[in-house]
Amino acid sequence: MSRILIASGGTGGHIFPAVVFGKGLQEKGDTISWVCGARKLEGEIYHSSGIEPVILPLSGSPMGTKSPAKILTRLLDVIRSLRRTWKYVKDFKPDRIYLFGGYISFAPLIVAKMRGIPVTLHEQNTVAGRVTKIASRMGAKIITGWPVCEGIKDFTYTGIPVREPVRIPRNEALRILGVNVHDDAKIVGVTGGSLGSGPLSEILKSAAKLCDECEFVFLSAKERHDDGNAHFIPPQWDMNPFYSACDIIVCRSGGSTLAEALKWEIPTITIPWPGAMDNHQSKNAAEFVKLAKNARVFKEGDSPENLAVIIREMI
């Protein structure tokens, strides 16, 4: 049995794989401690999994903003995080440290190398992030979620730890979601907050109207409401009912989201976010369609008519 420190924060795409991985180690008898940042969402995700993480006083990378004031504030937060991590590592005495990328991984990486603790970093995307590149140069072991990882040379492909599917009868899944449609309806699930707002949301809503033979469930609303065959519900921590109800899913191209789609083997339309750093979502999508049984890529800015055609071809 070992003592393991796992650092993961920022978004669910980083945190959920860390939680799945850590709980797997716990089942084998290891003692696990999780570390995250100070963003409210991070705490909510961990709490939804029954975990009380150690919180570092950091809410973003100094390189992730152009504001001089925020850069200075975040640099000071990095220093405070290094101090807190050093103290916690000294007390917890981990045998190994696992990092799951993002800004929160930097302080544990530095402390691990200073204290001579073996460190492994898991990269969920097809393009190495900043901390992944730094970790690689510092000699950390890099494992990846996809067969390719641009920006580094030495890595081991392992895939992305994802939550084990628990399939629920469709009528029960729809009841849990609060969606009132016929059990035999063809359901298109739309997941990803940025898919439910802005111009892309309008394309999806228009596609729903064009595909009036389907029911669309959007995981994007603060409160449940309906608009014809479009049903808007709040995001879910437990995704089993959502995936169990869907015949097709439409999602962004984050590495962990696509890994869940692969695990569930649901026909998927993925829409890469054009603003992703180093265009990594488009590259994730390209790898995803190679591995998935039934998947298509839809480019943001394309027409709702074309999206409707793709949906009808896949349903």
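Placed above this text is the structure.
Residues numbered from 1 in each chain as written. Predicted model: local features only at pLDDT ≥ 70, side-chain atom pairs only at ≥ 80, totals over all residues. Heavy atoms only, no water.

**Details of the pattern of salt bridges**
Here comes step 1: For the structure shown, the criterion picks out 15 salt bridges.
Here comes step 2: Note that Asp77 is salt-bridged to Arg80, the shortest N-O span being 2.4 Å. Highlighted residues: Asp77 and Arg80, both in helix α3 (residues 68-92), separated by three residues, approximately one helical turn.
Here comes step 3: On the basis of relative accessible area, Arg80 is assigned to the partly exposed category, the value being 40%.
Here comes step 4: Residue Glu164 is joined to Lys263 by a salt bridge in which the shortest nitrogen-to-oxygen separation is 3.6 Å. Of this pair, Glu164 sits in the loop between β7 (156-157) and α6 (170-177) while Lys263 sits in helix α9 (residues 255-264), placing them 99 residues apart in sequence.
Here comes step 5: On the basis of relative accessible area, Lys263 is assigned to the partly exposed category, the value being 38%. (Salt bridge = Lys/Arg side-chain N within 4 Å of Asp/Glu carboxyl O. Helix = DSSP H or I, 4+ residues; strand = E, 2+ residues; numbered from the N terminus. Buried < 20%, exposed > 50% of the residue type's maximum accessible area, 1.4 Å probe, protein only.)

**A look at the nonpolar core**
Here comes step 1: Val179, Ile187, Phe242, Tyr243, Ile249 and Phe288 are the most contacted members of the largest nonpolar core, which has 29 residues in total.
Here comes step 2: Looking at this core, the elements with two or more residues in it are α6, β9 (214-219), α8 (240-245), β12 (248-251) and α9.
Here comes step 3: By residue number, the principal contributor to this core is α9, which donates four residues. (Core = buried A, V, L, I, M, F, W, Y, C linked by side-chain atoms within 4.5 Å.)

**Here's the deal with the sheet that holds strand β5 (residues 119-123)**
Here comes step 1: On the basis of which strands lie adjacent, the open sheet formed by seven strands has the order β3-β2-β1-β4-β5-β6-β7 and parallel pairing. Every interior strand has two partners, whereas the edge strands, β3 (54-55) and β7, have only one.
Here comes step 2: Those strands touched by helix α1 (residues 12-27) are β1 (3-7), β2 (31-36) and β4 (96-99), and its axis lies near 165° from that of β2. (Pairing = 2+ DSSP bridges. Contact = heavy atoms within 4.5 Å. Axes fitted to C-alpha atoms, helices over the stretch in contact; angles between N-to-C directions.)

**Focus: unusual backbone geometry**
Here comes step 1: With a phi close to 55°, Lys93 is a non-glycine residue in the positive phi region.
Here comes step 2: Not every positive phi belongs to a glycine, and Asp278 is a case in point at roughly 60°.
Here comes step 3: Checked against the element boundaries, Asp278 lands in the loop between β13 (268-270) and α10 (280-291).
Here comes step 4: When its relative accessible area of 42% is taken as the criterion, Asp278 is described as partly exposed.

**Considering the packing of α1 against helix α2 (residues 40-48)**
Here comes step 1: Following both chains from N to C, one finds α1 and α2 inclined at 30°, their axes separated by 10 Å at the closest point. Relative to α2, the element α1 lies roughly parallel. Crossing handedness for the pair α1 and α2: right-handed. Contacts between α1 and α2 involve Gly12, Ile15, Phe16 and Val19 on the former and, on the latter, Glu42, Ile45 and Tyr46. (Parallel < 35°, antiparallel > 145°, perpendicular 65-115°, else oblique. Left-handed = near helix turned anticlockwise from the far one by under 90°.)

**Some remarks on a positive patch on the surface**
Here comes step 1: The grouping of Arg3, Lys90, Lys93 and Arg115 at the surface amounts to a positive patch.
Here comes step 2: By the secondary structure assignment, Lys93 is in the loop between α3 and β4. (Patch = residues over 30% accessible without salt bridge, like charges linked within 9 Å, V, L, I, M, F, W, Y side chains within 5 Å. Areas by Shrake-Rupley, 256 points an atom, 1.4 Å probe, with all protein chains shown as cover. Lys, Arg positive; Asp, Glu negative; His and termini not counted. Charge placed at Lys NZ, Arg CZ, Asp CG, Glu CD.)

**So, the pairing of β1**
Here comes step 1: Judged by how many residues are buried, β1 sits mostly within the fold: four of five residues are covered.
Here comes step 2: Examined bridge by bridge, β1 and β2 share five bridges and lie parallel to one another. Following the sheet pairing, Ile6 is matched in β2 by Trp34.
Here comes step 3: Handedness of the crossover is the feature at issue here: the chain leaves β1, passes through α1, returns alongside β2, and the resulting connection is right-handed. (Right-handed = clockwise from strand over helix to strand, strands pointing away.)

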